[in-house]
Amino acid sequence: MDLGLKGKKAIVCAASKGLGRACAMSLAREGVDVVITARTAADLERTAAEIRKETGVKVTPVAGDITTDAGRAAALAACPAPDILINNAGGPPRGDFRDWGRDDWIKAIDANMLTPILLIKAVVDGMIERKFGRIVNITSASVKSPIPELGMSNGARAGLTGFVAGTARQIARHNVIINNILPGPFLTDRLRSGFAEAARASNRPVDELVQERMKSNPAGRVGDPAEFGDACAFLCSAKIGFIVGQNLLLDGGAFNSSST
Ligand code: NAP
């Protein structure tokens, strides 16, 4: 299927590694020019070179913290009229909610709720004018099945999900479509560090924990970031204009529900 994306322009946030990188690569394979962001310039430049080499599209790395006004302004300056916006940022730390103060919460809400909302606000009217826009927010399986020790992630992402549910329905008639993708376990640096932390806490080998997690998943494995990227590119395609405000769970079937 031709996704109808050749020549489009995308901003992919937090994309030097992991799920963001995979989304940028999949979009680039469809002929989309991408602006990619991350804080660590060297990693970002390396990823930009890899995507360019494999796909031949225009890849513009913009180093900066996407959770700051300056970081968002730099990304938007590099691509003032995007057809596609992929919202992503690092996730908040695990822990006990008794240890988190106001500043910790503001940081989490900034990264995983307000940053995507402010970027949506910045691009959406241009998309409406041009009668095409695709916005995908990378959230988490925790939106459907909250993870107790990730309380700040559960809270901030629930706020974004509520905002998107209303806003997506206000703008869909202009062919500007917002959806969320909810990752379960995908083998990225973040998941690896989660396994390493759990291994230290339980004094068990990392490999054993990974095997255990794979066995307990209905698909018998963890996710490959590349398949996440492909799902994201599909949700950005010209053909999905009737898929509006959805929360697409990619978790190998781990969340058991007859209606999801
Ligand atoms: P990852 O492998 O650690 O990659 C994170 C990427 O985001 C890196 O490129 C990082 O580069 C960039 N980044 C982080 N904070 C940033 C910021 N403030 N501004 C700009 N770039 C930033 O993480 P991932 O696994 O892809 O996770 C992506 C998101 O999905 C996270 O919110 C995570 O919580 C969520 N998630 C992941 C999984 C999973 O299994 N992987 C499951 C559920 C939810 P720099 O550090 O250089 O900025």
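So, how was this worked out
- Residues numbered from 1 in each chain as written.
- Predicted model: local features only at pLDDT ≥ 70, side-chain atom pairs only at ≥ 80, totals over all residues.
- Heavy atoms only, no water.
- Helix = DSSP H or I, 4+ residues; strand = E, 2+ residues; numbered from the N terminus.
- Patch = residues over 30% accessible without salt bridge, like charges linked within 9 Å, V, L, I, M, F, W, Y side chains within 5 Å.
- Areas by Shrake-Rupley, 256 points an atom, 1.4 Å probe, with all protein chains shown as cover.
- Salt bridge = Lys/Arg side-chain N within 4 Å of Asp/Glu carboxyl O.
- Expected span 1.5 Å × (residues − 1).
- Buried < 20%, exposed > 50% of the residue type's maximum accessible area, 1.4 Å probe, protein only.
- Contact = heavy atoms within 4.5 Å.
- Near = heavy atom within 4 Å.
- Polar contact = N/O pair within 3.5 Å; in protein donor to acceptor, adjacent residues only side chain to side chain.
- Nonpolar A, V, L, I, M, F, W, Y, C, P; charged D, E, K, R; others polar.
- Pairing = 2+ DSSP bridges.
- Axes fitted to C-alpha atoms, helices over the stretch in contact; angles between N-to-C directions.

**Q** Explanation requested: unusual backbone geometry in the structure shown.
**A** Glycine aside, the phi torsion of most residues is negative, and most peptide linkages are trans. With phi around 65°, N175 is a residue other than glycine that occupies positive phi space. Tracing the chain through its elements places N175 in the loop between α5 (151-171) and β6 (176-183). Positive phi outside glycine occurs at N203, with the angle close to 55°. Its place among the elements puts N203 in the loop between α6 (189-202) and α7 (206-216).

**Q** How should a nonpolar patch on the surface be read in this particular structure?
**A** A cluster of nonpolar side chains, contributed by M1, F234 and I243, occupies part of the molecular surface with about 300 Å² of accessible area. Tracing the backbone through its elements, the reader meets I243 in the loop between α8 (225-235) and β7 (247-250).

**Q** So what exactly am I meant to see when it comes to α5 here?
**A** Note on helix geometry: an α-helix contains 3.6 residues per turn, so any two residues three or four positions apart are oriented the same way. Over its 21 residues, α5 runs 31 Å from end to end, which matches the ideal 30 Å to within 8%, given 1.5 Å per residue. Listed in full, the buried residues belonging to α5 are G151, M152, S153, N154, A156, R157, L160, T161, V164, T167, A168 and I171. If you follow the buried residues of α5, they end up packed against α4 (102-130), β5 (133-138), β6 and β7.

**Q** Help me understand the side chain of D43, please; the structure alone is not making it clear to me.
**A** For D43, the position within the fold is in helix α2 (residues 41-55). Leaving out residues up to four positions away in the same chain, D43 has contacts with S16 and K17.

**Q** How should I be thinking about the site of the ligand in this particular structure?
**A** Residues in close proximity to the ligand total 27 residues, the closest being S16, R39, T40, A89 and T188. At a separation of 2.6 Å, an oxygen atom of the ligand approaches a polar backbone atom of A89. Between the ligand and the protein, one listed contact pairs an oxygen atom with a backbone N or O atom of G91 at 3.3 Å. For the shell around the ligand, the per-class residue count stands at nine nonpolar, twelve polar and six charged.

**Q** How do you make sense of the sheet that holds β5 when you look at a structure like this?
**A** The strand order β3-β2-β1-β4-β5-β6-β7 describes an open sheet built from seven strands, whose pairing is parallel. Only two strands of the sheet have a single neighbouring strand rather than two, namely β3 (59-63) and β7. Neighbour-to-neighbour, the strand axes of this sheet turn through a mean angle of 15°, independent of strand direction. Against the sheet, α5 contacts β5, β6 and β7, and its axis sits at roughly 155° relative to β6.

By themselves, these are just geometric observations and shouldn't be taken as functional.
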